[in-house]
Amino acid sequence: MAACTVYSTQSLKTNCFISTPSSKTHYGFHSKQIVLYSTSKRNKRVNNPYVITCAAGDTQTVVIGLAADSGCGKSTFMRRLTSVFGGTAEPPKGGNPDSNTLISDTTTVICLDDYHSLDRTGRKEKGVTALDPRANDFDLMYEQVKAIKDGVSVQKPIYNHVTGLLDPPELIKPPKILVIEGLHPMYDARVRDLLDFSIYLDISNEVKFAWKIQRDMAERGHSLESIKASIEARKPDFDAYIDPQKQYADAVIEVLPTELIPDDNEGKILRVRLIQKEGVKNFSPVYLFDDGSTISWIPCGRKLTCSYPGIKFAYGPDAYFGNEVSIVEMDGQFDRLDELIYVESHLSNLSSKFYGEVTQQMLKHADFPGSNNGTGLFQTIVGLKIRELYEQIVATRAETPVKAAKA
Ligand SMILES: Nc1ncnc2c1ncn2[C@@H]1O[C@H](COP(=O)(O)OP(=O)(O)OP(=O)(O)O)[C@@H](O)[C@H]1O
Ligand SMILES: O=C(CO)[C@H](O)[C@H](O)COP(=O)(O)O
């Protein structure tokens with residue numbers, strides 16, 4: 001722990017090692033403070049206590065932020081991510097059946113919709129959308145994410161998407177990795193600063209529309225007109241409050257219509273770009289062939305089966321919102337997923353544990369949306385990157401005991 005924010009004497013006892021200034025003092029826990037007492041002066045309290053050395057908190061949670069509009073693939077991404085760590089992600093056992101939380105051995109995914117301060121009726125009455133910061137409680141979001149990061153359990157509210165109401169809270173215990181996914185993980189600077197890594201799923205309007213139609217018409221029985229109207233109604237707030245968060249993301253997965261078919265308006269073949277910020281702690285970008293070069297690659301031929309319109313990769317350095325980034329791009333889709341190994345062997349810095357791990361993960365989830373294109377490929381790679389980041393943070397903590405400020 002960098003500094004002891006004390007939520008309870010219990011968390012203090014488990015997270016901090018305290019060295020007393022001399023043999024003439026000893027310590028105790030009083031309310032939420034560490035208090036030093038003089039051994040020689042009848043246990044009188046010693047004012048202005050000493051520096052405390054906190055344990056290199058193996059209890060501290062790594063926090064990942066995933067931002068995107070609704071229906072843009074966050075759940076699919078989460079399923080790929082938790083699969084990288086093994087085990088299955090499930091709602092809290094015995095809890096609210098409409099909980100938005102998913103828990104696995106390593107990760108807990110909480111949905112930031114749970115911090116809506118206005119329920120569906122409240123938003124309607126006030127004339128605000130769920131994307132509007134006024135409909136969300138950022139103070140509570142900050143307090144609770146910070147508490148979890150510091151190893152303290154919280155009672156998190158639940159927004160019930162079935163009823164549109166705020167349900168009684170559920171207990172969230174600190175996991176190894178906490179993923180906060182939703183509309184606003186990078187909106188509030190205090191929450192943003194708690195993130196060890198952040199991702200933005202940037203789905204272009206054309207593609208978002210195609211996905212929404214596919215899901216909301218086919219699976220939820222909505223009409224084409226109502227889908228169009230809902231997208232239009234959200235757009236001003238999306239542009240004002242959601243989209244700007246991408247400038248803060250460490251990795252952006254941008255999904256655009258293909259450039260391989262002139263004037264394509266079907267939105268089925270996708271051009272996907274993985275935009276990776278340079279210089280992010282514990283994150284080293286993936287590259288194609290040669291780090292820092294500019295490359296264009298058409299892998300179709302003897303080793304990769306491609307039907308029309310083919311597949312094109314690109315890689316190179318660039319600038320994004322004034323930051324130095326490197327971008328890997330894939331336009332087109334795979335015909336045979338097992339042949340992905342050929343592409344994988346030309347990508348470097350994948351953070352995989354063995355040769356072929358990316359292909360193995362993609363084959364394992366071949367039925368997930370986007371498994372035949374760059375969305376699935378880049379989501380899988382970002383999943384491996386997060387695993388590596390987590391392992392590096394844990395290893396660093398184990399090596400470096402941190403001196404914390406005085407209580
Ligand atoms: N990579 C993809 N390729 C094609 N379609 C996709 C892809 N990802 C998501 N979709 C489509 O978008 C729909 C929503 O995906 P998903 O449930 O993962 O999004 P979400 O952001 O979690 O949505 P919500 O926030 O509304 O629950 C899917 O049912 C699917 O139709
Ligand atoms: O943008 C959203 C994030 O998922 C939802 O629209 C928001 O949470 C409100 O939910 P509902 O439409 O179920 O009242």
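Residues numbered from 1 in each chain as written. Chains lettered and ligands numbered in written order. Predicted model: local features only at pLDDT ≥ 70, side-chain atom pairs only at ≥ 80, totals over all residues. Heavy atoms only, no water.

Visitor: Could you clarify how one ought to interpret the site of ligand 2 in this entry?
Guide: What surrounds ligand 2 is the set Ser70, Asp113, His116, Arg120, Arg123, Ala130, Tyr159, His161, Leu183 and Arg234. With respect to ligand 2, the side chain of Tyr159 contributes an N or O atom lying 2.6 Å from an oxygen atom. Contact with the protein chains covers 78% of the free accessible surface of ligand 2, which is 370 Å². Tallied by class, residues from the shell around ligand 2 come to 3 nonpolar, 3 polar and 4 charged. (Near = heavy atom within 4 Å. Polar contact = N/O pair within 3.5 Å; in protein donor to acceptor, adjacent residues only side chain to side chain. Areas by Shrake-Rupley, 256 points an atom, 1.4 Å probe, with all protein chains shown as cover. Nonpolar A, V, L, I, M, F, W, Y, C, P; charged D, E, K, R; others polar.)

Visitor: What is the right way to read the pairing of strand E9 (residues 154-160) from this model?
Guide: Consecutive residues of a regular strand have side chains that alternate between opposite faces of the sheet. Taking burial as the measure, the 7 residues of E9 include 6 buried ones, the bulk of the element. In this structure, E9 lies alongside strand E10 (residues 165-172), joined through 6 bridges in antiparallel fashion. Of the residues in E10, the one forming a bridge with Gln155 is Leu171. Between E9 and the antiparallel strand that follows it, E10, lie 4 residues; Gly164 among them carries a positive phi value of about 80°. (Buried < 20%, exposed > 50% of the residue type's maximum accessible area, 1.4 Å probe, protein only. Helix = DSSP H or I, 4+ residues; strand = E, 2+ residues; numbered from the N terminus. Pairing = 2+ DSSP bridges.)

Visitor: What exactly am I supposed to notice about the site of ligand 1 here?
Guide: If you check the shell around ligand 1, you find 14 residues, and the closest are Gly71, Gly73, Ser75, Thr76 and Thr375. The separation between an oxygen atom of ligand 1 and a polar side-chain atom of Thr76 is 2.6 Å. One nitrogen or oxygen atom from the side chain of Thr375 is found 2.8 Å from a nitrogen atom belonging to ligand 1. Starting from 630 Å² of accessible surface for ligand 1 in isolation, the protein chains cover 83%. Counting only elements with at least two residues in the shell around ligand 1, the list comes to helix H2 (74-84) and helix H6 (205-218). Of the residues belonging to the shell around ligand 1, the class tally is 3 nonpolar, 8 polar and 3 charged. Built from parts of two domains, the shell around ligand 1 gets at least three residues from each of domain 1 (57-200) and domain 2 (250-397). (Domains from an automatic or database assignment.)

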